[in-house]
Amino acid sequence: MAKQLSSPNRTRPGLFQKELIGTAIRESFIKLNPAILVKNPVMFTVEVGTLIMVLVTVYIGVTGDTTQGSLAYNLSITFILLVTVLFANFAEAIAEARGKAQAESLRKTRQETPAKVIRPVGEYKLDEVQTISSAQLKKGDIFLCEAGDIIPSDGEIVEGLATIDESAITGESAPVIREAGGDKSSVTGGTKVLSDRIKVMVTTQPGESFLDKMIALVEGATRQKTPNEIALTILLAGFTLIFIIVCVALKPFADYANTPITIAALISLFVCLIPTTIGGLLSAIGIAGMDRALQANVIAKSGRAVETAGDVDTLLLDKTGTITIGNRKATNFYPAPGVSQTDMVRASALSSLADETPEGKSIVELARNGETDVTRNLSTTGATLIKFTAETRSSGIDVPLPGGESLRIRKGAMDSIRAIVQRAGNVFPSEIETKANEIAANGGTPLVVIENEAVKGVIELQDIIKPGISERFDRLRKMGVKTVMVTGDNPLTAKFIAGKAGVDDFIAEAKPEDKMNYIRREQTGGKLVAMMGDGTNDAPALAQADVGVAMNSGTQAAKEAGNMVDLDNDPTKLIEVVEIGKQLLITRGTLTTFSIANDVAKYFAIVPALFTLSIPALQALNIMGLHSPESAILSAVIFNAIIIPLLIPLALRGVEYKPIGASALLRRNLFIYGLGGIVAPFVGIKLIDLAVGLFI
Amino acid sequence: MTTEWMGVIVTYGITVLLAIPLGKFLANVFKDEPNAFDFMKPLERLIYRLGGIDPSREMNWKENLVALLTINALWLIYAFVLLLTQGSLPLNPDGNPSQTPDLAFNTAISFLINCNLQHYSGESGVTYLTQLGVLMFLQFVSAATGIAAAVLLFRSFMPKPVETVGNFYVLFVKSITRVLLPFSLVIAMILAFNGTPASFDGKDTLVTMQGDTVGVSRGPAAGFIAIKHLGTNGGGWFGANSAHPLENPNYLTNMVEMIAQVVIPIAMIFALGFFINRKRFAWVIYAVMTVGLLMLLVPTILTELGGNPAIAHLGIGQPTGAMEGKEVRFGPLASAYWSIVTTVISTGSVNSMHDSSMAMSGTMELLGMMVNAFYGGVGAGLLNFYYFLIIAVFISGLMVGRTPELFGRKVEAREIKIASIVALLSAFLVKGGTALAAWFFIHYGDASWAVKPSAWLNNPGFHGFTEMLYEMTSSNANNGSGFEGLGDNNFFWNYATGIVLIMGRYIPIIGPVAIAGLLARKKYVPESAGTLPVDTPTFGLMIFAVIFIITALSFFPALTLGPLAEYFSLK
């Protein structure tokens, strides 16, 4: 299951690809447009400051009046402020460009492909196949796909069965089977039909598929701010307002102290103090979060969904495929008292010969590998297959015997079989019951086999728990997420596997509505619930869950109901999604802390610089020993500007989430980004000052 | 020296020892659980009946705020009218005149909002009627308003989602009948027995050894001084406040007054802990506030004990520390302790002249008022602490990767908006007000006002700047202590500080109560392993960092130009 997230045709882009940088730089200038920038109040005020500085510089250039400082000094400040805005724009642009590149590679899978659409033609409504371009497909159209065709659009198989290569989307090379009806009826545009032929109905309007939605989200076109992002923007705007007050009030204060303050110094102080670092990186962080989800092959319908994932308290996971490897395997046959081993094995094998389920196949396989191959002489010609249903919870076969009689073989869960046996007036042996319970208690699944309502024995099926899964649950527990295993097994088996895999809770003998009820109950208690599902009967639960991840292979209904789609069909993906959500919030929080903590050093650089000429005693506050007032201000502004591009990689990659408990994580991040945020600019400004001092 | 240190340590120790059981008692009172003062019930019932109050009616945050603001507005009008006409009303043995409209406006507001800025002097500016009927009355009701408003926050910490946050009237009445009134009575008795006057007679006269006849103001002062401290009001009966020998006769009364003013603010923290049954959380808040107090107190004490460097430069020894502006009966240590205690909580009474404090002490006094949440005024301290708490919860929630929540309730955009507004209000009022004053002083020094702006300051330069900054800070913090040396009884200062006083009082009440009301009705999310616990030292550190950063960023430049410039120049 440890699948590579990247596939050959969709390599994960490096942080700064050359071609992306070109686009991003161009975009940085386009984003200077105040109408766009006003959405980011912090950077907008920097732009206003830059504009004022341009006017001041022009004034000095024209009049030669140097009461506001030299032309070169003012020009430098203006330039650095402009660069600050550009850096912030660049951060957003590079995140968008990466998102677009990511989306572009997905879009390649939906290049124009010919679609063989089936149209009713003529008086007799004879279906005729027309070949049109995939772009012309409309919702409700039915098209035909044969071996070798690229599927032109997302849709649902209405007729037929096919093996399909989905590697273009998932990176998984093994072909998968998709067929009409049931939970595996969905196909994705861009994948390739390898065998057989299917008729597919288009389920989405062109441009409205999940992928299109995701592409728009990553590109930033329709990206809406998430609730946490809005709250943070408000807090940052609050800080910005405080600093407007501080800087405006400084003018009369300075007049009182008989100190002339230049416009350049005042604006520099302001720009340094307002949280430009986080302000410049905020939207880049958001886009990068969506981008990371996409890299994990998860299509989120909104940024909010990803963020909510970080808050999830309870995680519902299907046992099969998530916690255990694929399917259960038969490991033992236990005959009932008075039944020979061979007799028992033969009945078991017969019941499973026509059974296409993995369990059934494993029973036949085990029967073949016995001392004598009992399956050789078996035949199921003319037999009726009895399929497994959730209601009967048993399956089997009716084999006609010469003479009109038929041999009725059933296998299934103990309680349902017992009901059948007892209804027929037969005795259900207590030895079998004991054995079955023993198997269940050891994590196996007992399947009781009966022939003509008489018990033949019990088959032991064993689950194999995925290696490494209990570590993942441990990690989730440390994150504060409760894991719940959903299984159709009986409570004893479920308990054993739950204990072995390390999940916190389980729902045994689960029917679809049990999932729904469990989710509701958790939500009533104020919990946020995430679940993964694929089938149509999962749709209500997916819609009810706060984070519903539908598998791409699942039905259209399931995909509509959830708020994310996992292209890899990997049930453990939820864990990644939760971490991406947390990372998103952490990156915002830590960079905000860093940005605000930076201000301490900036005050110590600029405030003494403003006043030491008229109040020499304040030189004592120049603890960094900066060269001169001009160099101090320039250094602070330069530091303020270049910290943005320096942090872009962190913003795009995201601050690492460590499941070490909330308090420990807070301590760690406070230490790195809080204390680090106080210390770093002292060092940075001093170094820049040493360099700037060479020129002044 | 050891005795002096012991005096302060014992004073603080007694305060905390009293505050913990008092906190438990307060929680009982506000939870309506049986307590020792249930005999007050008939009186309370009478008040409810007279006021037409239904004590069983629970109100939501909006209704509570409407109730609080309406009743405050009524008291303002009442106080304003009486102060304007006091000269011709009874109980005026010394024949003091009525107040001018701007002074009456300022005085009425500043007592209404628990500040007691006092741009007048008690001996000549008010009469016994207004001292008792207006000022002392307001000292009781303003303290009770603060306590009641703070208790309105408590429900937002509790697990059950509720629409209502309590009944302001009931909390208010009980604060008076069960806390302020009985405890003031005890304190007043101690003061009276130690020499504080409690008489309706007018001025006494005495003949000094030089043969001069001196008029000595008196009055029913003991009760006034008791509630002045217990309710963190701070307005003195006499102009010299608690430096006055009749207002604060000896070291014992000094201790009593110091204990009285801090005990309720500390008890309110523990009351919160008992009320919501989270004692650890209360201890974290207490620890944060106490560390804050110590960080201001220790430098102040050391500076004051070190004496004035300017005098040291003259070669004069100062074995008792800096004594300018201090009372010999208290000494520099008890004076330093008082000066910090009175500024961190919003009392603003003084037993030494802050104008004469060393520059570093002045910085600490200013910082105490700028933060205004290290214990803080009765109720007001918790209200102020609450918005810092919200911001801390928000940032740290993000830092651990979870939508921020406070005791199971999500903190979202609306709460952050309100907290941000309250947080930037201090900066706006203090810096805006000081900037305006500095602007007039420099650019319109000769404006033809009754007192020319250029004549405001006794000490120009850095110290003069500090005087203006201090006055605005004190007003915004509803502290009421004055740096003095500032000609403040005039048109500009009376109105400017009056406006700062109103906004500095009511917005920090409305904001936190609104946040609490919004949070209280939100869905409660039970705590899990992923929840960030707020009752840990780590989170305490986080709150402290938020308080420190917001205050430092808002006020560093102003402090630099005032007390810090003076400090570095004197050094």
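Predicted model, so just to flag it, every value in this text is computed and none were measured.

### Concerning the overall build of chain A
Turning to step 1, where the next piece is worked out: Counting secondary structure elements, chain A contains 22 helices and 20 strands.
Turning to step 2, where the next piece is worked out: Burial status across chain A gives 53% buried among its 696 residues.
Turning to step 3, where the next piece is worked out: Put simply, of all contacts in chain A between residues at least 6 apart along the chain, 69% involve residues at least 24 apart.

### Some points on the overall build of chain B
Turning to step 1, where the next piece is worked out: Within chain B, the secondary structure is distributed over 18 helices and six strands.
Turning to step 2, where the next piece is worked out: Relative to a compact globule of 571 residues, whose C-alpha radius of gyration would be 25 Å, chain B shows 23 Å and is just as compact.
Turning to step 3, where the next piece is worked out: Projected onto its principal axes, the C-alpha positions of chain B cover 75 × 55 × 50 Å.
Turning to step 4, where the next piece is worked out: If you take every contact in chain B between residues at least 6 apart in sequence, the share linking residues at least 24 apart comes to 77%.

### A few points about the pairing of strand 16 (residues 482-486) of chain A
All names here are of chain A.
Turning to step 1, where the next piece is worked out: Most of strand 16 sits inside the fold, with five of its five residues counted as buried.
Turning to step 2, where the next piece is worked out: Direction of pairing for strand 9 (residues 314-318) relative to strand 16: parallel, over a ladder of five bridges. Across the sheet, residue Leu-316 finds its bridge partner in strand 16, namely Val-484.
Turning to step 3, where the next piece is worked out: Where strand 16 and strand 17 (residues 505-507) come together, three bridges link them in parallel fashion. The residue of strand 17 that forms the bridge with Val-484 is Asp-505.
Turning to step 4, where the next piece is worked out: Viewed along the sheet, the connection from strand 16 through helix 16 (residues 491-501) into strand 17 turns out right-handed.

### What about the nonpolar core?
Turning to step 1, where the next piece is worked out: The biggest cluster of nonpolar side chains holds 345 residues, and the ones touching the most others in it are Ala91(A), Ile606(A), Tyr337(B), Ile390(B), Ile391(B) and Val546(B).
Turning to step 2, where the next piece is worked out: Counting residues per element, this core draws most heavily on helix 20 (residues 573-611) of chain A, which supplies 21 residues.
Turning to step 3, where the next piece is worked out: Each residue touching Ile391(B), except ones within four places of it in the same chain, is listed here: Leu235(A), Ala419(B), Ala423(B) and Val546(B).
Turning to step 4, where the next piece is worked out: Listed in part, the 35 residues of the second largest apolar core include Ala330(A), Leu366(A), Ile386(A) and Ala413(A).

### Things to note about the packing of helix 3 (residues 41-63) of chain A against helix 9 (residues 276-295) of chain A
Residue and element names in this part refer to chain A.
Turning to step 1, where the next piece is worked out: In contact at an axis separation of 8 Å, helix 3 and helix 9 are set at 120 degrees when each is read in the N-to-C sense. The orientation of helix 3 relative to helix 9 falls into the category oblique. Note on packing geometry: the crossing formed by helix 3 with helix 9 is left-handed. Across from Val-42, Met-43 and Val-46 in helix 3, the residues of helix 9 making contact are Thr-276, Gly-279 and Gly-280.
Turning to step 2, where the next piece is worked out: Split by residue class, the contact of helix 3 with helix 9 holds three nonpolar, three polar and no charged.

### Here's the deal with the interface of chain B and chain A
Turning to step 1, where the next piece is worked out: If you look at the interface, chain B gives 56 residues, while chain A gives 59 residues.
Turning to step 2, where the next piece is worked out: Secondary structure elements with two or more residues in the side of chain B that touches chain A: helix 14 (380-399), helix 15 (413-443) and helix 18 (537-570) of chain B.
Turning to step 3, where the next piece is worked out: In terms of residue class, the side of chain B that touches chain A is made up of 36 nonpolar, 15 polar and five charged.

### Here's the deal with the sheet that holds strand 19 (residues 547-551) of chain A
In any sheet, the strands associate via hydrogen bonds between backbone groups, in a parallel or an antiparallel arrangement.
All names here are of chain A.
Turning to step 1, where the next piece is worked out: With mixed pairing, seven strands are arranged side by side in an open sheet as 8-20-19-18-9-16-17. Among the strands making up the open sheet, the edge pair consists of strand 8 (298-300) and strand 17. Averaged over all adjacent pairs, the angle separating strand axes in this sheet is 20 degrees, with direction ignored.
Turning to step 2, where the next piece is worked out: Where strand 9 lies against strand 18 (residues 529-533), three bridges are found, and the strand directions are parallel. From the neighbouring strand, Leu-315 faces strand 18, where its bridge partner is Ala-530.

### Thoughts on the environment of Thr290(B)
Turning to step 1, where the next piece is worked out: Mapped onto the elements, Thr290(B) comes out in helix 10 (residues 279-306).
Turning to step 2, where the next piece is worked out: Judged by C-beta crowding, with 18 C-beta atoms within 10 Å, Thr290(B) ranks as partly exposed.

### Thoughts on the sheet that holds strand 10 (residues 329-335) of chain A
Residues and elements named next belong to chain A.
Turning to step 1, where the next piece is worked out: Strand order in the open sheet formed by six strands is 10-15-14-13-12-11, and the pairing between neighbours is antiparallel. Looking at strand neighbours, the two that pair on one side only are strand 10 and strand 11 (384-386), the edges of this open sheet. Between one strand axis and the next, the sheet turns through 20 degrees on average, direction left out of account.

### Some words on helix 12 (residues 331-344) of chain B
Turning to step 1, where the next piece is worked out: Relative to the 20 Å expected for 14 residues at 1.5 Å per residue, helix 12 of chain B spans 20 Å between its end C-alpha atoms, a close match to the ideal helical length.
Turning to step 2, where the next piece is worked out: Where burial is concerned, most of helix 12 of chain B is hidden: 14 out of the 14 residues are buried.

### A word on the environment of Thr100(B)
All names here are of chain B.
Turning to step 1, where the next piece is worked out: If you trace the backbone, Thr-100 turns up in the loop between helix 3 (61-85) and helix 4 (101-112).
Turning to step 2, where the next piece is worked out: With 17 C-beta atoms packed within 10 Å, Thr-100 lands in the partly exposed category.
Turning to step 3, where the next piece is worked out: Here the alpha-carbon distance between Thr-100 and Leu-83, two residues 17 residues apart in the chain, equals 8.6 Å.

### A few points about the pairing of strand 12 (residues 394-400) of chain A
Residue and element names in this part refer to chain A.
Turning to step 1, where the next piece is worked out: Of all seven residues in strand 12, five are buried, a share of seventy percent or more.
Turning to step 2, where the next piece is worked out: Where strand 11 meets strand 12, three bridges bridge the pair, whose relative direction is antiparallel. Bridging across to strand 12, Thr-384 finds its partner in Asp-398.
Turning to step 3, where the next piece is worked out: Bridge count for strand 12 against strand 13 (residues 406-412) is seven bridges, and the pairing is antiparallel.

### Quick word on the environment of Ala552(B)
All names here are of chain B.
Turning to step 1, where the next piece is worked out: One can find Ala-552 in helix 18.
Turning to step 2, where the next piece is worked out: On the basis of neighbour counts, which here come to 16 C-beta atoms within 10 Å, the residue Ala-552 falls in the partly exposed class.
Turning to step 3, where the next piece is worked out: Each C-alpha atom of the pair Ala-552 and Thr-2 lies 34 Å from the other, and the pair is 550 residues apart in sequence.

### Overview of unusual backbone geometry
Residues and elements named next belong to chain A.
Turning to step 1, where the next piece is worked out: Of note in the backbone geometry, Asp-196 takes a positive phi value of approximately 65 degrees without being a glycine.
Turning to step 2, where the next piece is worked out: Among the structural elements, Asp-196 can be located in strand 7 (residues 192-202).
Turning to step 3, where the next piece is worked out: Look at Asp-196 and you get partly exposed, because 16 C-beta atoms sit within 10 Å.

### Details of the confidence of the model for chain B
Turning to step 1, where the next piece is worked out: Averaged over all residues, the pLDDT of chain B is 91; the fraction at 70 or higher stands at 100%.
Turning to step 2, where the next piece is worked out: The ipTM, which scores confidence in the relative placement of chains, is 0.92 for this predicted complex, and the corresponding pTM is 0.85.

### As for helix 13 (residues 359-371) of chain B
Residue and element names in this part refer to chain B.
Turning to step 1, where the next piece is worked out: Spanning 13 residues, helix 13 covers 18 Å between terminal C-alpha atoms, matching the ideal 18 Å at 1.5 Å per step.
Turning to step 2, where the next piece is worked out: With 13 of 13 residues buried, helix 13 is to be regarded as a mostly interior element.
Turning to step 3, where the next piece is worked out: Asn-372 sits one or two residues past helix 13 and shows a positive phi near 60 degrees.

### A short note on the confidence of the model for chain A
Turning to step 1, where the next piece is worked out: The predicted model of chain A has a mean per-residue pLDDT of 83, with 89% of residues at 70 or higher.
Turning to step 2, where the next piece is worked out: Scored below 50 in pLDDT, residues 1-13 of chain A makes 23 contacts in the model with residues more than four places away or belonging to other chains.

### Here's the deal with the packing of helix 3 of chain A against helix 7 (residues 227-256) of chain A
All names here are of chain A.
Turning to step 1, where the next piece is worked out: Their axes nearest at 9 Å, the elements helix 3 and helix 7 cross at an angle of 35 degrees. Contacts between helix 3 and helix 7 pair Pro-41, Val-42 and Thr-45 from the former with Leu-236, Ala-237 and Thr-240 from the latter.
Turning to step 2, where the next piece is worked out: Broken down by class, the residue content of the contact of helix 3 with helix 7 amounts to four nonpolar, two polar and no charged.

What counts, and at which threshold
Numbering of residues starts from 1 in every chain and runs along the sequence as written. Whichever chain is written first becomes A and whichever ligand is written first becomes 1, with later ones labelled in order. Local features in this predicted model are restricted to residues of pLDDT 70 or higher, and side-chain atom pairs are both shown and tallied only at a pLDDT of 80 or more, whereas totals for entire chains, interfaces and linings draw on every residue. Runs of E in the DSSP output that reach at least two residues are strands. Runs of H or I that reach at least four are helices, and both are numbered from the N terminus. Buried residues are those with 20 or more other C-beta atoms within 10 Å of their own C-beta, exposed residues have 12 or fewer, and partly exposed residues lie in between; C-beta atoms are placed from the backbone. Throughout, a residue-residue contact means that the two C-beta atoms, derived from backbone geometry, are no farther apart than 7 Å. When we talk radius of gyration, it's over C-alpha atoms, and the globule rule is simply 2.2 Å times the number of residues to the 0.38. Paired strands, in this sense, are two strands between which DSSP finds at least two bridges. Seen with the strands pointing away from the viewer, any crossover whose path from the first strand over the helix to the second strand runs clockwise is right-handed. When buried Ala, Val, Leu, Ile, Met, Phe, Trp, Tyr and Cys residues are joined through C-beta atoms within 7 Å, the set is termed a nonpolar core. In this analysis, axes come from line fits to C-alpha atoms, helices being fitted only over the stretch in contact, and the angle between any two N-to-C directions falls in the range 0 to 180 degrees. What sets the label is the angle itself: under 35 degrees gives roughly parallel, over 145 gives roughly antiparallel, 65 to 115 gives roughly perpendicular, and the rest give oblique. Left-handed describes a crossing whose near helix is turned anticlockwise from the far helix through less than a right angle; right-handed describes the clockwise counterpart. Basically, the charged four are Asp, Glu, Lys and Arg, the nonpolar ten are Ala, Val, Leu, Ile, Met, Phe, Trp, Tyr, Cys and Pro, and anything else, Gly included, counts as polar. One less than the number of residues in a helix, times 1.5 Å, gives the span that helix is expected to have. One number per residue, pLDDT, summarises how confident the predictor is, and it ranges from 0 to 100.

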